[in-house]
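Here is how the chains run, residue by residue.
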Amino acid sequence: MTLHCASWLGSMVAAAALATLGCTAAHAQDQGQDHASTDIDELARRVSNPASFMISVPVHSELSIGGDETGNSQHYLLDVEPVLPFRLTPNWNLISHTDFPLAYADPAGPRGGVFGLGDIHQTISFTPAGHKGFIWAVGPQVGLPTATSSKLGSGKLSMGPSVLLLRQSATMTFGLSADHLWSIAGKDDREDISATEVQPFVAWHIGQGRTISTNVDVGYDWKHKQWELPVSLSYSKVLKIGEQALSMSIGGKYWLESPTGGSDFGLRIGAVLLFPQKR
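Conventions we followed
- Residues numbered from 1 in each chain as written.
- Predicted model: local features only at pLDDT ≥ 70, side-chain atom pairs only at ≥ 80, totals over all residues.
- Heavy atoms only, no water.
- Pairing = 2+ DSSP bridges.
- Helix = DSSP H or I, 4+ residues; strand = E, 2+ residues; numbered from the N terminus.
- Core = buried A, V, L, I, M, F, W, Y, C linked by side-chain atoms within 4.5 Å.
- Buried < 20%, exposed > 50% of the residue type's maximum accessible area, 1.4 Å probe, protein only.
- Contact = heavy atoms within 4.5 Å.
- Phe/Tyr/Trp six-rings, centres within 6.5 Å; stacked < 30°, edge-to-face > 60°.
- pLDDT = per-residue confidence, 0-100.
- Salt bridge = Lys/Arg side-chain N within 4 Å of Asp/Glu carboxyl O.

S.K.: Please explain the pairing of strand 4 (residues 92–106) as it appears in this structure.
M.R.: A regular strand carries its side chains on alternate faces of the sheet. Note that strand 3 (residues 83–87) and strand 4 share five bridges and pair antiparallel. In the strand pairing of strand 4, V83 is matched with H97. Bridge count for strand 4 against strand 6 (residues 120–128) is eight bridges, and the pairing is antiparallel. By the bridge assignment for strand 6, W92 is matched with P128. Inspection of the sheet shows strand 4 paired to strand 5 (residues 114–117) by four bridges, in the antiparallel sense. Across the sheet, A105 pairs through a bridge with V114, a residue of strand 5.

Structural data, given as structure tokens:
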């Protein structure tokens, strides 16, 4: 009887130990999943913040279609935009944003299409290292006349200021970016540049690394007194493939106002390779 009771007691203790281990493992797994979800949501917020201290390589592909009475126009753009942050001091960061555009342009009319490199744009932004809800950045922007065809670039070296104002919470990012470019050198047979771009944007972070974003890209050409006003809506999700984090996105664009022969609507897909760093 004593042996039987001891055996029964031992079985109960073993069962209780296994149940405790099972609950502990399940709790640890739940915590791990919650932690992973938190990490992904934090990355999604960083993707929506152009001043975030994170190395990233956005690659975006955009097809836009339009036209006028002379025929249809098609434009295809592949943008590779590496973003590199640098810690200048304990209080200040520098964010380098370079835009390498590969483009295909087939304007309205019988002239035919052309493919090549467009004008490269470089933006250097200075921003405080300690952000608490409100984020801002300011710095110079340079447009380099690197286009391989006159249809793909301005032929001018241009410079001007850029600014970013942004507020971010756990569920929303909204703000405004703006810049202006003036031509300062370049080919004499090409028109001078004086162009302003203002982009208000809103992003809703809906959990599990998912974001719905919209923006209005207000552009004005002061030389030709001409507006360009595309509105965009997109959906993105942060995910991990092995150890590599990336954000995938898809969206549409509609032009409320565009130059003669310009685009009417477009489709945009993209991926952003993410290399998060400690703040």
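S.K.: Quick question: what am I supposed to make of the nonpolar core here?
M.R.: Side chains that are nonpolar tend, in soluble globular proteins, to be buried together. Residues I40, L43, A44, M54, V238, A245, V272 and L274 constitute the largest nonpolar core, which totals eight residues. Among the elements that make up this core, the one with the highest residue count is helix 1 (residues 2–47) (three residues). For L274, the contacting residues outside a window of four places in its chain are L43, V47, M54, I55, S56, V238, Q244, A245, L246 and S247. In terms of nonpolar packing, the next biggest core, distinct from the first, is built from six residues, A51, I135, A137 and L164 among them.

S.K.: Teacher, can you tell me more about the packing of aromatic side chains here?
M.R.: Any aromatic ring pair is given by two values, namely how distant the centres are and how the planes are angled relative to each other. By the definition in use, this model includes three aromatic pairs. Taking 5.7 Å as the distance between ring centres and 75° as the angle between the ring planes, the aromatic pair formed by W92 and W136 counts as edge-to-face. Highlighted residues: W92 in strand 4 and W136 in strand 7 (residues 134–144), separated in sequence by 44 residues. According to the relative accessible area criterion, W92 is partly exposed, its value standing at 36%. Ring geometry for Y220 and W222: centres 4.8 Å apart, planes at 85°, overall edge-to-face. Each residue in the set Y220, W222 and W227 is aromatic and connected to the rest through ring pairs, giving one cluster.

S.K.: Just checking my understanding: could you explain the confidence of the model for the chain for this structure?
M.R.: One rule of thumb: low pLDDT means the predicted coordinates there are not for detailed reading. Predicted confidence across the chain gives a mean pLDDT of 85, with 82% of residues reaching 70 or more. Low pLDDT, under 50, characterises residues 1–36; the stretch is placed with zero contacts to residues that sit more than four places away or in other chains.

S.K.: I would appreciate a short explanation of the pattern of salt bridges in the present structure.
M.R.: Where side chains of opposite charge bring their charged atoms close, a pairing between them can arise. This structure, assessed with the given rule, holds five salt bridges. In this structure, the salt-bridge partner of E62 is K253, at a minimum N-O distance of 3.2 Å. With E62 in strand 1 (residues 54–68) and K253 in strand 14 (residues 244–257), this residue pair connects regions lying 191 residues apart in the sequence. A salt bridge links R268 to E62, with the nearest nitrogen and oxygen atoms 3.0 Å apart. Of this pair, R268 sits in strand 15 (residues 263–276) while E62 sits in strand 1, and the two are 206 residues apart along the sequence. Accessibility expressed as a relative area gives 11% for E62, which makes it buried. Through salt bridges with shared partners, a single network forms among E42, R45 and R46.

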